[in-house]
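Architecture and fold: a report
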Amino acid sequence: MIRKVVNNVGEALQGVEDGMTFMLGGFGLCGIPENAISELVKMEVKNITCISNNAGVDDFGLGLLLQKKQIKKMISSYVGENDEFERQMLSGELEVELTPQGTLAEKCRAAQAGFPAFYTPAGYGTEVAEGKETREFNGKMYVLEMAYKADFAFVKAWKGDEAGNLIFKGTARNFNPCMCGAAKITVAEVEELVPAGELNPNEIHVPGIFVKRIFQGTNYEKRIEQRTVRKRN
């Protein structure tokens, strides 16, 4: 058994440098790698490209990296909750590549599986398809999308073991699984770290072969992006 455990987030992020491309799991603020993001802020790494479904909020998640203008380019699907993101994009300070959500997920999955590219009907006839190869299959037009290339993938799971096997809880099982193994180095932070063999093999969502480093995270806030409740009578 290959032991993937590192002692802390600092060790987990060894090798991170300016100008790299990072994948970051999560959907909204659900299942985001909070510890890894905080460490990237402390490291003051600059000119990075981030591949993430969204860009957090102004004071949490990737919004913390945007505050210090550490992100050069954002590859995302939904970015409507971050005022600073909007300001930087409209002012030209931040390069933005908007991608259909399913295409973003599939570009991660393609990288994970070792496929260089794939055809999808999403975005054909729109600016998403500009400059890309298109082809007809069975009377329908498709756009050729390239798999992502990233240096690090940062994911967050509920439980993991020393061999890197991961279990996600609830809707935190979003973009995290398809980003595992989709970069040169996948770093997983978990709420609970257990010895190898303790997890039920039938409940594992991502096998350890896709994970390079794993550590037990701390101080998770698990913020709710927009808490909506009905009014009391």
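The structure we're discussing is the one just above.
In what follows, the accompanying structure is described. Computed from a prediction, not measured in an experiment: that's the story for all the values here.

1. Some remarks on the sheet that holds strand β5 (residues 117-120)
Taken in spatial order, the three strands of this open sheet run β5-β7-β6, and their pairing is antiparallel. The open sheet terminates on both sides in strands that have one partner only, identified here as β5 and β6 (134-137). Mean inter-strand twist for the sheet, computed between neighbouring axes without regard to direction, equals 35°. Pairing geometry for β5 and strand β7 (residues 140-146), over four bridges, is antiparallel. When the bridges of β7 are listed, Tyr119 appears paired with Leu144. Of the strands in this sheet, β5 and β7 touch helix α5 (residues 101-113), which is tilted by about 150° from β5.

2. Side note on the nonpolar core
Among the nonpolar cores identified, the biggest contains 33 residues, and Phe22 and Phe154 are the most heavily contacted of them. Broken down by element, the residue count for this core peaks at four residues, all from helix α2 (residues 34-43). Every residue in contact with Phe22, bar those within four places of it in the chain, is listed here: Val16, Glu17, Leu40, Ile48, Thr49, Cys50, Ile51, Phe152 and Phe154. Grouped together as the second largest cluster of nonpolar side chains are 29 residues, Leu104, Phe175, Cys178 and Met179 included.

3. Some thoughts on the state of the cysteines
Summed over the entire model, instances satisfying the criterion amount to zero disulfides. Cysteine Cys180 remains unbridged, with the sulfur of Cys178 as its closest cysteine sulfur at 8.4 Å. A residue is classified by how much of its surface remains accessible, and Cys180, at 0% relative accessible area, is buried.

4. Description of the packing of aromatic side chains
Within the structure shown, the criterion is met by five aromatic pairs. Relative to Phe137, the ring of Tyr119 has its centre 5.1 Å away and its plane inclined at 65°; by these criteria the two rings are edge-to-face. Note that Tyr119 is positioned in strand β5 and Phe137 in strand β6, a separation of 18 residues in sequence. Both rings, one in Phe152 and one in Phe154, keep their centres 5.6 Å apart while their planes meet at 10°; by these two values the pair is stacked. No difference in accessibility class separates Phe152 from Phe154, as the two residues are buried. Geometry around Tyr148 places Lys107 over its ring, the cationic atom sitting 4.8 Å from the centre. Lys156 extends its terminal NZ or CZ atom over the ring of Tyr220, reaching a point 4.7 Å from the ring centre.

5. With respect to the pattern of salt bridges
The full count for this structure, using the stated rule, is 15 salt bridges. Note that Glu162 is salt-bridged to Arg3, the shortest N-O span being 3.7 Å. Pair noted here: Glu162 is in the loop between β8 (152-161) and β9 (166-167) and Arg3 is in the segment before α1 (9-12), with a separation of 159 residues, a long-range link. Glu162 sits in the partly exposed class, given a relative accessible area of 21%. The partner of Lys46 in a salt bridge is Asp18, with the nearest N and O atoms 3.3 Å apart. Pair noted here: Lys46 is in the loop between α2 and β2 (48-51) and Asp18 is in the loop between α1 and β1 (21-24), with a separation of 28 residues, a long-range link. Overall, the relative accessible area of 44% leaves Lys46 in the partly exposed class. A network of salt bridges, in which partner residues are shared, links Lys69, Glu84, Arg87 and Glu93.

6. So, α5
A rise of 1.5 Å per residue sets the reference length of α5, with its 13 residues, at 18 Å; its end C-alpha atoms lie 19 Å apart and thus fit the reference within 8%. What α5 keeps buried is the set Thr103, Leu104, Ala105, Lys107, Cys108, Ala110 and Ala111. After α5 finishes, the residue Gly114 shows a positive phi value of roughly 85°.

7. Some words on the side chain of Glu39
Among the structural elements, Glu39 can be located in helix α2. Buried charge Glu39 goes without a salt bridge, the closest partner of opposite sign being Lys42 at 4.5 Å.

8. Overview of unusual backbone geometry
The residue Asn47 is not glycine, and still its phi comes out positive at about 55°. Within the secondary structure, Asn47 is located in the loop between α2 and β2. Taking relative accessible area as the criterion, Asn47 reaches 44% and is therefore assigned partly exposed. A positive phi angle, close to 55°, is found at Lys69, a residue other than glycine. With respect to the helices, strands and loops of the structure, Lys69 is situated in the loop between α3 (63-67) and β3 (71-76).

Cut-off values and rules
- Residues numbered from 1 in each chain as written.
- Predicted model: local features only at pLDDT ≥ 70, side-chain atom pairs only at ≥ 80, totals over all residues.
- Heavy atoms only, no water.
- Pairing = 2+ DSSP bridges.
- Helix = DSSP H or I, 4+ residues; strand = E, 2+ residues; numbered from the N terminus.
- Axes fitted to C-alpha atoms, helices over the stretch in contact; angles between N-to-C directions.
- Contact = heavy atoms within 4.5 Å.
- Core = buried A, V, L, I, M, F, W, Y, C linked by side-chain atoms within 4.5 Å.
- Buried < 20%, exposed > 50% of the residue type's maximum accessible area, 1.4 Å probe, protein only.
- Disulfide = S-S within 2.5 Å.
- Phe/Tyr/Trp six-rings, centres within 6.5 Å; stacked < 30°, edge-to-face > 60°.
- Lys NZ or Arg CZ within 6 Å of the ring centre and 35° of its normal.
- Salt bridge = Lys/Arg side-chain N within 4 Å of Asp/Glu carboxyl O.
- Expected span 1.5 Å × (residues − 1).
- Lys, Arg positive; Asp, Glu negative; His and termini not counted.

As far as function goes, none of this settles anything; it's purely spatial.
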